[in-house]
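# Per-entry structural report
The primary structure of each chain is shown beneath.
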Amino acid sequence: MKSISDTSERAEMIRRPVFTVLGPLSQFPERTVRTFTLDEMSVGIVCANGEVFGFINRCPHQGGPVCEGELSGSIESRRAGEYNYDPQALVLRCPWHGWEFRLTDGTCTIPRHNVKIPRLKVQATRLDVLRREAESSGATLAFAHDCGNLPEGIMVVALRQHLPSHA
Amino acid sequence: MNGATTQGFYDSDVVIEFDDHKDLLQYMPAYWREYFAQSDFEGPRANGVHGLPRTAISKFKSRLYQGGLAGYVSAFNSGYATRFRPDGVVFNPLYNIESIRHPDLSAVLATAVNDWMHDHLLTASGHSLFSIVVSPHYPDAAAAEIRRVAARGRAAQVILPACTAIPLGNRINRPIFEAAAEFGLPVALQATGYNGNPPTSSGWYTYFVEEFAGLKLTLESQLMSLITEGVLAEFEQLKVVLLDSGVTWLPSYAWRFDKEWRGMRRDVPWVTKPPSEYIREQVFCTVTGVDLPESVDEFRACFDELDLSKSLLFASRYPYCHSPDTVESLIPSFVDQVFGTAALVENTRQLYWKYHSRSVRGS
Amino acid sequence: MNNHDYIIDCDIHPTFGKHDYARLAQRYLPKAWQAYAIEYGQNVVSHSIGSHFPRIHPNSARFDAWPPNGDVPGSDYDFMKLQHFDRWKTKYCIINPLTLLVHPRNYGFANAVAHALNEWVIETWLAKDDHLRSSISIAYEDPTASVREIERYSGDPRFVSICFVTRTFEPLGNSKYWPIYEICESKGLPFGIHFGGYSGWPLTGAGFPSYYIEDHCGMAQSMQAHVISMVMEGVFERFPKLQVVLLEGGMMWLPSLMWRLDRCWRAMRSEVPHLKEPPSFYIRRNVWLTTQPIEEPKKLSSWKTFVEQLNMPGRIMYASDYPHWDFDSPEKIEEIFTVVGRDFARDILGANAERLYRFEAGKPLRTGTEAVVQS
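Keep in mind that what you see is a predicted model, and the values were worked out from it rather than measured.

## Section: the confidence of the model for chain A
- With 87% of its residues at a pLDDT of 70 or more, chain A shows a mean pLDDT of 87.
- Contacts of residues 1–5 of chain A to residues separated by more than four positions or lying in other chains number 17 contacts, the stretch itself having pLDDT below 50.

Spelled out as structure tokens, the structure:
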């Protein structure tokens, strides 16, 4: 088990993908965004509707910690007093000024605003499966600081990225 | 003709004040004629409006309204109309009917004013139109009156005061906008009025000049209400005209409003476009009472990001214009320099007369 | 941006924590008022408490500003230091302790609470951190008592201004408030007007709005009414050295308002003969702006236009409004105003406030506002 903060090996790792285990799936309650700092980059990860989502934790508006915001269902309306609410179509609301971003793809819901929060590749997978994949693809397997000792076979949430990777 | 365009000269704002209701009595039921006489009822104009001293009203009246409203028409014809020969004007009544609390009297007075204008103003100058006056406080009655008058033809728009008890966008007032939209009529907001609310969140100013200056703040609230409450969203073809509003506050207002909307759409999900788009597409301003900087370049720069070239309307606000010599000098020279009289006249013609050239009745 | 310890934040809002009310009452309120508070609570005008509609964010705060100790945003010094002071390396921050307790109609209670609030600020905040400053809380609807309260603290250099709100019982030009302006001018204390308050009136002559967005956006209208009032009633003619800071009202509306006031004054000058100069003269001499909440035109060039039209060099100051949700980061402000000039942007973030509040000046009598007026 190797920590990714070991910078002396960074040059060697740069061209290789990195799978970072963030923790057991059980530590990611449904619809609760957790933030991590990985190599000075803040990211937010959330499990919702059977999927795992990851984003860069920086709002394109004023740089606020968007992943520290709340998740809500979406609302659409064509006239005053009409509320078409979809609790499954989740949006992440920036804690500063309330800009909303679709969980599915990070795009901003504001009409005429072609901005988004960059997505990260993240998934829930078994640790042993992840190890095998890392081995066969030549990826580095890393563990976030407070992961602890994880038994094989447990479902984990893992971030898949290249280093350095700042959006 | 005097206009700077071969398309004719159209004026979106000629004001007629209804102070003396003697001329209106013939349009009222007998019950009210008797009650007026016996109660010595003064009428709405005794209630005053924000920002305008009563003395200002009487100054003009003594000059123009000799012989009552007929005197005004005669003065208009021999003065402004002869001098400038407009192809059409919109007569906007100044009559703070919103100050009348009695629901039935309010309706009777509105009907009387609208009928008087229909009977006396339409031949005043070219192809003239008048604005339908209603009280915003009884929306159902207002809607009925709009439909009645609009069906007769030659109505330019519905005219409402900026100063109301409840913001105009409030759902209670929807019938007014439904009726206006049904007939393709714009809704004009006059920077005036009175119905109980003080002009500021701290109550009343001390001086008329403060109230007058502050009227633009009330207009800002009303426009905000029309957008946030979804009136402009629901009635996509509805146009709002701001009369004598100041104009140059509109860009900074739009940026603030857009910014707030971006973060607070949860509050008003039916506002599906940035407020500045509703403003660009559905809001017009007359070009009297423009708050002007010292240089034409500064004025031009105001509209660099919010293009109002299609939204400004040629207007004189007769009789509140100051002895101009030419049509162009009826409007501020900066406005003429930046936008061009011809363009503003065309905007005015498109907004009011394009509709009427298709469907005029009894002209 | 580089953190060079130059950022001065003109508006932060430490808040009562869950236990602060009780502590405030026990430590600083006379027993009779403690009993009153328990029996009657706050006595603000009933239309204006502020729960007429949901306000998007709980406590009107940034969602990330809730401290880990579970208390309310703005109540925990250590968390505020970490999240705000250290994050931006602020040089000074000015506290505006907004609280509805100083606006009750019972002036005896209001005065007692204002005093208690000033003592609370000293003990809970100013004593902890010498980069913090505060405005003096007053029960502004009782100007006589307010003057006494200002006298009490005006010699303490940690109190750098007075705090008013926009929703007062009268527009702020009204002569009722002039005793307060008089002492502010004589002590060289800037006078801050911050959005908020409990007047009971709707924002404008249009009536009460339905939605929070209208109420929030309406801060701009609320603030402008006071600019109109203070100018036209002759506050700046009578108190030429008084400096007024507009807090949380926005900025971009001021050029067109100056043009409007000049136009109206020219037309109706005879009504206000006490004004010897056009309104824009007074505004440029006596008024300061703060940046929050920053308007956001799409084109940065609109900011250049604004600055040119405003023509008030050196009178824009940075304010964050931390921990409220409509907070603006210094980064964003610097980015925006760099379009005018890098030094211009940096002055907004620090130097302009330095000139007005004179933090380094220590404890002298602040009659040096001539320097401010001339700059």
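## Overview of the interface of chain B and chain A
- With 16 residues of chain B at the contact, the number on the chain A side is 20 residues.
- Interface of chain B and chain A: buried area, both sides summed, is about 1,500 Å²; carbon and sulfur atoms make up 52% of it.
- Between chain B and chain A we count 3 salt bridges in total.
- A salt bridge links Arg79 of chain A to Glu234 of chain B; its shortest N-O distance comes to 2.7 Å.
- Partitioned by chemical class, the residues of the side of chain B that touches chain A number 4 nonpolar, 2 polar and 10 charged.

## Quick word on the pairing of strand S2 (residues 90–95) of chain C
All names here are of chain C.
- Most of S2 sits inside the fold, with 5 of its 6 residues counted as buried.
- As judged from the 3 bridges shared by S2 and strand S3 (residues 132–137), these two strands associate in the parallel manner. Its bridge partner being in S3, Ile94 is matched across the sheet by Arg133.

## Remarks on the side chain of His57 of chain C
- Locating His57 of chain C in the fold gives a position in the loop between helix H2 (31–40) and helix H3 (77–88).
- Look at His57 of chain C and you get buried, because its relative accessible area is 8%.
- Here His57 of chain C is in contact with Cys94, Pro95, Trp96 and Gly98 of chain A together with Trp325 of chain C, once residues within four sequence places are set aside.

## Concerning the packing of helix H13 (residues 330–337) of chain C against helix H14 (residues 342–357) of chain C
Residues and elements named next belong to chain C.
- Running from amino to carboxyl end, H13 crosses H14 at an angle of 145°, the nearest separation of the two axes being 8 Å. The interaxial crossing formed by H13 with H14 has right-handed handedness. Taking contact as the criterion, the partners of Pro330, Ile333, Glu334 and Phe337 in H13 are, on H14, Phe344, Ala345, Arg346, Ile348 and Leu349.
- Considered class by class, the residues forming the contact of H13 with H14 number 7 nonpolar, no polar and 2 charged.

## A closer look at the pattern of salt bridges
- All chains considered together, the criterion is met by 39 salt bridges over all chains.
- Between Glu277 of chain B and Arg112 of chain A there is a salt bridge, with its nearest N and O atoms 2.6 Å apart. With Glu277 of chain B in helix H10 (residues 275–282) and Arg112 of chain A in the loop between strand S7 (100–102) and strand S8 (119–126), this pair bridges two chains.
- Taking relative accessible area as the criterion, Glu277 of chain B reaches 15% and is therefore assigned buried.

## Thoughts on the packing of aromatic side chains
- With the rule as written, the count across this model stands at 51 aromatic pairs over all chains.
- Seen from their ring centres, Tyr253 of chain B and Phe257 of chain B are 5.8 Å apart, and the 70° between their planes marks the pair as edge-to-face. One end of the pair, Tyr253 of chain B, and the other, Phe257 of chain B, are both in helix H9 (residues 250–263), 4 residues apart, so they sit about a helical turn from each other. Across this residue pair, the class does not change: Tyr253 of chain B and Phe257 of chain B are buried.
- Chaining the aromatic ring pairs together yields one cluster made of Tyr140, Phe164, Tyr177, Trp178, Tyr181, Phe191 and Phe239 of chain C.
- Of note, Arg87 of chain C hangs over the ring of Trp88 of chain C, and the distance from its end group to the ring centre comes to 4.0 Å.

## Concerning the sheet that holds strand S6 (residues 84–93) of chain A
Residues and elements named next belong to chain A.
- Taken together, the 3 strands give an open sheet; going across it, the order is S5-S6-S7, and neighbouring strands pair in antiparallel fashion. Of all strands in the sheet, those with a lone pairing partner are strand S5 (70–76) and S7, marking the two edges. In this sheet, neighbouring strand axes are inclined to one another by 60° on average, regardless of whether the strands run parallel or antiparallel.
- Taken together, the 6 bridges between S5 and S6 define a ladder with antiparallel strand orientation. Bridge assignment links Glu76 to a residue of S6, and that residue is Asn84.

## Here's the deal with the nonpolar core
- Tyr72, Trp116 and Phe177 of chain B together with Tyr181, Phe191 and Phe337 of chain C are the most contacted members of the largest nonpolar core, which has 246 residues in total.
- Broken down by element, the residue count for this core peaks at 10 residues, all from helix H4 (residues 107–126) of chain C.
- Phe337 of chain C has contacts with Met251, Thr291, Ile294, Trp303, Val307, Phe344, Ala345 and Ile348 of chain C, leaving out every residue within four places of it along the chain.
- Ranked by size, the runner-up nonpolar core spans 27 residues in total, among them Phe19, Val43, Cys47 and Leu120 of chain A.

## Concerning the environment of Val227 of chain C
Residue and element names in this part refer to chain C.
- Secondary-structure assignment places Val227 in helix H8 (residues 219–232).
- The buried category is assigned to Val227, whose relative accessible area is 4%.
- For the pair Val227 and Asn96, spaced 131 residues apart in sequence, the C-alpha separation works out to 20 Å.
- If we skip the residues at most four places from it in the chain, Val227 touches Leu246, Trp253, Leu257 and Ile283.

## Re unusual backbone geometry
All names here are of chain C.
- Of the consecutive residues Gln292 and Pro293, the connecting peptide bond is found in the cis state with omega at -15°.
- With respect to the helices, strands and loops of the structure, Pro293 is situated in the loop between strand S7 (287–290) and helix H12 (301–310).
- The backbone of Asn311 sits at a positive phi, close to 50°, despite the residue not being glycine.
- A positive phi angle, near 70°, is found at Asp321, a position not held by glycine.
- If you trace the backbone, Asp321 turns up in the loop between strand S8 (316–317) and H13.

Reading guide: rules and limits
- Residues numbered from 1 in each chain as written.
- Chains lettered and ligands numbered in written order.
- Predicted model: local features only at pLDDT ≥ 70, side-chain atom pairs only at ≥ 80, totals over all residues.
- Heavy atoms only, no water.
- pLDDT = per-residue confidence, 0-100.
- Contact = heavy atoms within 4.5 Å.
- Buried area = accessible area lost by both parts, 1.4 Å probe.
- Salt bridge = Lys/Arg side-chain N within 4 Å of Asp/Glu carboxyl O.
- Nonpolar A, V, L, I, M, F, W, Y, C, P; charged D, E, K, R; others polar.
- Buried < 20%, exposed > 50% of the residue type's maximum accessible area, 1.4 Å probe, protein only.
- Helix = DSSP H or I, 4+ residues; strand = E, 2+ residues; numbered from the N terminus.
- Pairing = 2+ DSSP bridges.
- Axes fitted to C-alpha atoms, helices over the stretch in contact; angles between N-to-C directions.
- Left-handed = near helix turned anticlockwise from the far one by under 90°.
- Phe/Tyr/Trp six-rings, centres within 6.5 Å; stacked < 30°, edge-to-face > 60°.
- Lys NZ or Arg CZ within 6 Å of the ring centre and 35° of its normal.
- Core = buried A, V, L, I, M, F, W, Y, C linked by side-chain atoms within 4.5 Å.

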